[in-house]
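Summary of the model geometry
In case you want the letters, here they are:
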Amino acid sequence: MAHQEKRAWIMLVVTVVAYTAYIVVVLRRANGTPLTEVAYAAVLIASIVLAIAANIVLDIATSLGTPRSEYKADARDKEIARIGDLTGQSFLVIGALVGMGLAMLDADSFWVANVIYLGFVLSAVLGSATKIAGYRGGFQTW
Amino acid sequence: MKPTRVTNSIRTLRFAHGEMTQADLAERIGVTRQTVIAIEQGKYSPSLEVAFQIAHVFGVPLDDVFQYPASE
């Protein structure tokens, strides 16, 4: 498996696990009360910080013992990364636009923050899935 | 992903050149071994520059490395 494909898998798995954990904690804290009354901010930030840290640690762990020639991104890796990033970026923009709309409508900060966070998550998941599809199913530039 | 109609003879050329390994070819053209595998399997069509680099490694014209059917 190409090293950059491993990185895409790590990003996908870490993002899904971190977001699932966040949702579970928030729903448990809600326990029947409205979601807008849940103390979500610290959990949200913690899930993002831990996801970034886990990504870095796992990236370093998979890089150990990998020769430099295999670790470095080549032309194919860069082309697949570009398509994956473009796919993910669209969801980032959608999340930001919906968040902006909610802020303009004076929606509760819980919904604004969570829509933007969902945008981050969908961006990472779709971007990573696109990259993995590029490695697994093939990628043609001609 | 739409399959490419481009085929290649890299595997044959490698064996004809002293059973060159995929890792050796990858090193000479500056890509990873996984990329050479993807090119050989037709899962990735390299840039024109990389295609010419592969042809230069084997000392053959580009047409001897990559083929494209003339008609349907």
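Model, not experiment: these values are computed from the prediction. (Residues numbered from 1 in each chain as written. Chains lettered and ligands numbered in written order. Predicted model: local features only at pLDDT ≥ 70, side-chain atom pairs only at ≥ 80, totals over all residues.)

1. Examining the packing of helix α1 (residues 3–30) of chain A against helix α2 (residues 41–63) of chain A
Residue and element names in this part refer to chain A. Rules: Fitting a line to C-alpha atoms yields each axis, with helices limited to the stretch in contact; the angle taken between N-to-C directions then spans 0 to 180 degrees. Helix numbers and strand numbers start at the N terminus; a helix is a DSSP run of H or I with at least 4 residues, a strand a run of E with at least 2. Between 65 and 115 degrees an angle is taken as roughly perpendicular, under 35 as roughly parallel, over 145 as roughly antiparallel, and anywhere else as oblique. By convention, the crossing between two helices is left-handed when the near helix turns anticlockwise from the far helix through less than a right angle, and right-handed when the turn is clockwise. Placing a C-beta atom from the backbone of each residue, one calls two residues in contact when those atoms lie within 7 Å. Residue polarity is assigned by list, with Asp, Glu, Lys and Arg as charged and Ala, Val, Leu, Ile, Met, Phe, Trp, Tyr, Cys and Pro as nonpolar; anything else, Gly included, falls into the polar class.
Where α1 meets α2, the closest approach of the two axes is 9 Å, and the angle between their N-to-C directions is 155 degrees. Judged by the inter-axis angle, α1 sits roughly antiparallel to α2. Between α1 and α2 lies a crossing whose hand is right-handed. Contact residues: α1 offers K6, R7, I10, M11, V14, T15, A18, Y19, A21, Y22, V25 and V26, while α2 offers V43, L44, S47, L50, A51, A54, N55, L58, D59 and T62. By residue class, the composition of the contact of α1 with α2 is 15 nonpolar, four polar and three charged.

2. Quick notes on the interface of chain A and chain B
Listed per partner, the contact involves 12 residues of chain A and 18 residues of chain B. Where the side of chain A that touches chain B is concerned, the elements lending two or more residues are α3 (68–71), α4 (75–104) and β1 (139–140) of chain A. Grouping the constituent residues of the side of chain A that touches chain B by class yields four nonpolar, five polar and three charged.

3. Some details on the confidence of the model for chain B
Selection criterion: Per-residue confidence from the prediction method is given by pLDDT, with values spanning 0 to 100.
Mean pLDDT over chain B works out to 89, with 93% of the residues at or above the 70 mark. Listed scores for the predicted complex are pTM 0.82 and ipTM 0.76.

4. Remarks on the nonpolar core
Inclusion rule: Think of a nonpolar core as buried Ala, Val, Leu, Ile, Met, Phe, Trp, Tyr and Cys residues chained together by C-beta atoms that fall within 7 Å. Whether a residue is buried, exposed or partly exposed follows from its count of other C-beta atoms within 10 Å of its own C-beta, namely 20 or more, 12 or fewer, or something in between, respectively; the C-beta atoms are built from the backbone.
In this structure, A26, I29, V31, V36, I39 and I54 of chain B are the most contacted members of the largest nonpolar core, which totals 13 residues. Counting only elements with at least two residues in this core, the list comes to α2 (22–29), α3 (33–40) and α4 (48–58) of chain B. When residues no more than four places from it in sequence are discounted, the contact partners of V36 of chain B are Q22, L25, A26 and V31 of chain B. Listed in part, the nine residues of the second largest apolar core include A8, Y22, A51 and A124 of chain A.

5. Notes on the packing of α1 of chain A against helix α5 (residues 109–137) of chain A
Packed helices, taken two at a time, are described by their axes: the angle between them and the distance between them. Residue and element names in this part refer to chain A. Running from amino to carboxyl end, α1 crosses α5 at an angle of 150 degrees, the nearest separation of the two axes being 9 Å. If you check the angle between α1 and α5, you find them roughly antiparallel. As α1 runs across α5, the sense of the crossing is left-handed. Residues E5, A8, W9, M11, L12, T15, V16 and Y19 of α1 form the contact with α5, whose participating residues are V121, A124, V125, S128, A129, K131, I132 and Y135.

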